[in-house]
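Examining the three-dimensional arrangement
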Amino acid sequence: MTGPTIVIADDHPLMRAAIRASVEKSWPGHAIVEVPDAAAARAEAEKGEVALMTLDLHMADSAGLTTLMDLRRDFPAMPVAIISASEEARIWQGAKSLGAAAFIPKSAPMDLMREALSAVASGDLWFPEHMDEVSGEEDDALARLSRLTPAQRRILALVAEGRLNKQIAHEMQISEATVKAHLTGIFRRLGVINRTQAVLMAGKLDDPGLPPLDGANA
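The text that follows walks through the structure, step by step, so that each part is easy to find. (Residues numbered from 1 in each chain as written. Predicted model: local features only at pLDDT ≥ 70, side-chain atom pairs only at ≥ 80, totals over all residues. Heavy atoms only, no water.)

1. Focus: the sheet that holds strand 7 (residues 102-105)
The strand order 2-1-3-6-7 describes an open sheet built from 5 strands, whose pairing is parallel. Two strands lie at the open edges of the sheet, namely strand 2 (31-35) and strand 7, each paired on one side alone. The sheet shows a mean angle of 20° between the axes of neighbouring strands, taken without regard to direction. Bridge analysis of strand 3 (residues 50-55) against strand 6 (residues 80-84) gives 3 bridges, and the strand direction is parallel. Paired with Met53 across the two strands is Val80, which belongs to strand 6. Where helix 3 (residues 66-74) meets the sheet, it contacts strand 3 and strand 6, and its direction lies at approximately 165° from that of strand 3. (Pairing = 2+ DSSP bridges. Helix = DSSP H or I, 4+ residues; strand = E, 2+ residues; numbered from the N terminus. Axes fitted to C-alpha atoms, helices over the stretch in contact; angles between N-to-C directions. Contact = heavy atoms within 4.5 Å.)

2. A few points about helix 2 (residues 38-46)
Along helix 2, the residues classified as buried are Ala38, Ala41, Arg42, Glu44 and Ala45. Looking down the long axis of helix 2, one finds its buried residues gathered within 160° of arc, a one-sided arrangement. The elements touched by buried residues of helix 2 are strand 1 (5-9), strand 2, strand 3, strand 4 (58-59), strand 5 (62-63) and helix 3. One side-chain oxygen at the N-terminal end of helix 2 lies 3.4 Å from the backbone nitrogen of Ala39; it belongs to Asp37. Following helix 2 by one or two positions, Gly48 has its phi on the positive side, about 85°. (Buried < 20%, exposed > 50% of the residue type's maximum accessible area, 1.4 Å probe, protein only. Arc of directions from axis to C-beta. Polar contact = N/O pair within 3.5 Å; in protein donor to acceptor, adjacent residues only side chain to side chain.)

Laid out in structure tokens, this is it:
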């Protein structure tokens, strides 16, 4: 089998098998790699020559849209199709705003999944027709979060965990003054005035009920 690789990232083997069956029909002639977590997905992307990545939003080392944001930042030419059990409008619209090529609910029948993957193979975007639009305010918040540097993202993740500046400095092996400087930059980029507002904005990246702002890939 020749051609660029297609990466299927999902922590459920049965779901990976279902996605693989759709990919084989929609993207024939490609090598397919299955991975169970975001770290392995990133490792495959770093090898280059990934024609498509299908990405679950909730795996052992990821929660919400954070992994998508990281991948779009570091591999902007790689199409990413989200295949997720999350079906809230804000999650769909967030994925679209962050540059996903498609959002396919896991509840979608196989023929619809193949239709979506075929659209991406043709260079088109695919999102559910019944997807409700969310407010422009939410869209703007995601755009601001995407402009944070990796260090700022990591610090914001620690703030969301309730860490104090001293604890953050120890965790990241930097000075408290550096932590304060980063926080000033975070507040400025997000357009907020305090830690609470920053954490609330960061929550827009996450699925309901999941841990806030995973910093594993920051």
